[in-house]
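Now for the letters of each chain:
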Amino acid sequence: DWDVNYDHWPDRWVRATGNDFPHYVKMGIQEDATAESGRCLRVDLDGAAAAISSPPIRVMSRFSYEFAAQLKNEALVHSVALIRLDFCDNSGHVLQTAQSKPIATTKGWKQISLDKLELSNSAIDHVVITLQVMCGDKGDLQGLVSFTDVQLSRLPRISVSTNSPCNVYSNLEEAVVKCELS
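Anyway, here's the lowdown on the structure attached to this text.

What counts as what
Residues numbered from 1 in each chain as written. Predicted model: local features only at pLDDT ≥ 70, side-chain atom pairs only at ≥ 80, totals over all residues. Heavy atoms only, no water. Helix = DSSP H or I, 4+ residues; strand = E, 2+ residues; numbered from the N terminus. Rg over C-alpha atoms; globule rule 2.2 N^0.38 Å. Buried < 20%, exposed > 50% of the residue type's maximum accessible area, 1.4 Å probe, protein only. Polar contact = N/O pair within 3.5 Å; in protein donor to acceptor, adjacent residues only side chain to side chain. Pairing = 2+ DSSP bridges. Axes fitted to C-alpha atoms, helices over the stretch in contact; angles between N-to-C directions.

Right, let's get into the overall build of the protein chain. Scanning the protein chain for helices and strands turns up zero helices and 13 strands. N-terminal to C-terminal, the α/β element order of the protein chain is β-β-β-β-β-β-β-β-β-β-β-β-β. Over its C-alpha trace the protein chain gives a radius of gyration of 20 Å, far above what one expects of a compact globule, namely 16 Å for 182 residues. Overall, the protein chain is about 65 × 35 × 35 Å in size when its C-alpha atoms are taken along their principal axes. When burial is assessed residue by residue, the protein chain has 41% of its 182 residues classed as buried.

Here the focus is the environment of Trp 109. Summarising the element assignment, Trp 109 is placed in the loop between strand S8 (94–99) and strand S9 (110–118). It is 36 Å that separates the C-alpha atoms of Trp 109 and Ser 91, two residues lying 18 residues apart in sequence. A polar side-chain atom of Trp 109 sits 3.0 Å from a polar atom in the side chain of Thr 34.

The antiparallel open sheet is built from five strands, whose spatial order is S2-S3-S11-S6-S9. The outermost strands of the open sheet, each flanked by one partner alone, are strand S2 (26–31) and S9. Going across the sheet, the axis of each strand differs from the next one's by a mean of 30°, ignoring polarity. Pairing between strand S6 (residues 63–74) and strand S11 (residues 144–156): 11 bridges, direction antiparallel. Paired with Phe 63 across the two strands is Pro 156, which belongs to S11.

In structure tokens form, the structure reads like this:
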């Protein structure tokens, strides 16, 4: 859905550049019959690292968020893939980060999720999702990394508290449970 102009690149997503992220690493949207949607963002490592970031996505502190994506890594020996969410203020300063564990080779598609992401600062107004492949001591010449079904979901924010710090009561009549929902 993000390739409106059919150039095999997700629209408005930005590729990381620089010494650590050389342009010769091939990256783009490709057909993949094994992906649920039939397409994926594929990275052919060629011995180096790569990263791609989403455009800023509006978020609000009164909600919690959940992130999910499918990841498939093939033939990785020295590299790992990870997903990072940088929550920023309106100036672009990162105020909070959530990150998946680094993942080496998978057996087919693997669900990656970051659940119950609660914003710690009311100044946060957007998030940038980064899909990244990092090299170890050496780079993988033959490694392939694919991402598909990248989703950020907004959930109601729920807070449950009680009138006892340890939630232990000798008399059930004394228990008071408070639930706040936004």
